[in-house]
Amino acid sequence: MDCCNQCSYETPEGKITSLIRRDRPRVEALNLAAQLDLPQCYIAAGFVRNLVWDVLHKFKHSTPLHDVDVIYFDPAESDPNAYQKYEAQLTKCMPRLNWQVRNQAKMHQYNGDPAYHSTLDAMHHWPEKETAVAARQISPNAYELIAAFGFDSLFSLCITHNPKRSRAIFDNRVHSKQWLTKWPALKLAKSHERDCISL
């Protein structure tokens, strides 16, 4: 899996795209998500984040995909249960994954935020900055990457609290998901600083 050295002169997006193309389950998942034909539709969070962390840790095998977060942005959607139809469609095609589909145009209501303007705007409100990364298939074997806060801290093995969410939520996620155990080189970013600290 350790192909980052081969991609050293690429952009972060190019590095991640190269990694995705070498990961058959991710290629299949992105293809299925594209077939939903939803507006501003991406697979986000650990789908991209964990892939980068695995490679930087030089793991021989990818951390298994479990929850796969499909996000899209459709303010006109009237059916509050539409996500269930999309999840069922994806599960039928790739049942080994736990598909979670959410319309980000509606999530501000759950989070108590002002209305979001796009998928990327919604990602600016997620608890960790490194989680706010996403990929989508734009044509066969071609992918688009977006990141609400850029890719630098992701490749620096940082976990950074987003002040738009409470510190308690952030700390609970870091602990409950055991990120520092699964990926021991990860570091928590200092408050209001770019530097990271090891625990």
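Now for a look at the structure at hand. (Residues numbered from 1 in each chain as written. Predicted model: local features only at pLDDT ≥ 70, side-chain atom pairs only at ≥ 80, totals over all residues. Heavy atoms only, no water.)

**With respect to the overall build of the protein**
Within the protein, the secondary structure is distributed over 9 helices and 8 strands. Against the compact-globule benchmark of 16 Å for 199 residues, the protein has a radius of gyration of 16 Å, which places it among compact chains. Dimensions of the protein along its principal axes, counting C-alpha atoms only, are 45 × 35 × 30 Å. Buried positions account for 48% of the 199 residues belonging to the protein. Counting contacts in the protein only where the partners sit at least 6 residues apart, residues at least 24 apart contribute 69% of the total. Carbon and sulfur atoms provide 50% of the accessible area of the protein, an area that totals close to 10,600 Å². The average position of the 24 basic charges and that of the 22 acidic charges among the side chains of the protein differ by 4 Å. (Helix = DSSP H or I, 4+ residues; strand = E, 2+ residues; numbered from the N terminus. Rg over C-alpha atoms; globule rule 2.2 N^0.38 Å. Buried < 20%, exposed > 50% of the residue type's maximum accessible area, 1.4 Å probe, protein only. Contact = heavy atoms within 4.5 Å. Areas by Shrake-Rupley, 256 points an atom, 1.4 Å probe, with all protein chains shown as cover. Lys, Arg positive; Asp, Glu negative; His and termini not counted. Charge placed at Lys NZ, Arg CZ, Asp CG, Glu CD.)

**Here we look at the nonpolar core**
Judged by nonpolar contacts, the single largest core of 44 residues is most densely connected at Ile 43 and Trp 99. No other element matches the 6 residues that helix α3 (residues 46–56) contributes to this core. Each residue touching Ile 43, except ones within four places of it in the same chain, is listed here: Ala 29, Leu 30, Ala 33, Val 48, Val 68, Asp 69, Val 70, Trp 99, Val 133, Ala 134 and Ala 135. Counting residues in each nonpolar core, the second largest holds 10 residues, with Ala 45, Met 123, Trp 126 and Ala 132 among its members. (Core = buried A, V, L, I, M, F, W, Y, C linked by side-chain atoms within 4.5 Å.)

**Points about the sheet that holds strand β4 (residues 133–139)**
Where strands meet in a sheet, backbone hydrogen bonds hold them as pairs that are either parallel or antiparallel. Ordered by their spatial adjacency, 5 strands build an open sheet running β3-β2-β1-β4-β5, and the pairing between neighbours is mixed. The open sheet terminates on both sides in strands that have one partner only, identified here as β3 (98–103) and β5 (142–147). Between one strand axis and the next, the sheet turns through 30° on average, direction left out of account. Judged from the 6 bridges that link them, β4 and β5 form a sheet pairing that is antiparallel. Across the sheet, residue Val 133 finds its bridge partner in β5, namely Ala 147. Against the sheet, helix α1 (residues 12–21) contacts β4 and β5, and its axis sits at roughly 130° relative to β5. (Pairing = 2+ DSSP bridges. Axes fitted to C-alpha atoms, helices over the stretch in contact; angles between N-to-C directions.)

**Looking at the side chain of Glu 128**
Counting through the fold element by element, Glu 128 comes out in the loop between α6 (119–123) and β4. Given a relative accessible area of 0%, Glu 128 falls into the buried group. Within the local environment of Glu 128, its side chain forms a polar contact with the side chain of Arg 173, the two groups lying 2.3 Å apart. The contact partners of Glu 128, leaving out residues within four places of it in the chain, are Arg 49, Ile 159, Thr 160, Phe 170, Arg 173 and Trp 179. (Polar contact = N/O pair within 3.5 Å; in protein donor to acceptor, adjacent residues only side chain to side chain.)

**Some details on the packing of helix α2 (residues 24–35) against α3**
Remark: α2 packs on α3, axes separated minimally by 12 Å, with the N-to-C direction vectors making an angle of 160°. Put simply, α2 runs roughly antiparallel to α3. Considering how the two elements wind past one another, α2 and α3 form a crossing that is left-handed. For the pair α2 and α3, the contacting residues are Arg 26, Ala 29 and Leu 30 in the first and Gly 46, Phe 47, Asn 50 and Leu 51 in the second. Residues that form the contact of α2 with α3 fall into these classes: 4 nonpolar, 2 polar and 1 charged. (Parallel < 35°, antiparallel > 145°, perpendicular 65-115°, else oblique. Left-handed = near helix turned anticlockwise from the far one by under 90°. Nonpolar A, V, L, I, M, F, W, Y, C, P; charged D, E, K, R; others polar.)

Honestly, it's all geometry; don't read function into it.
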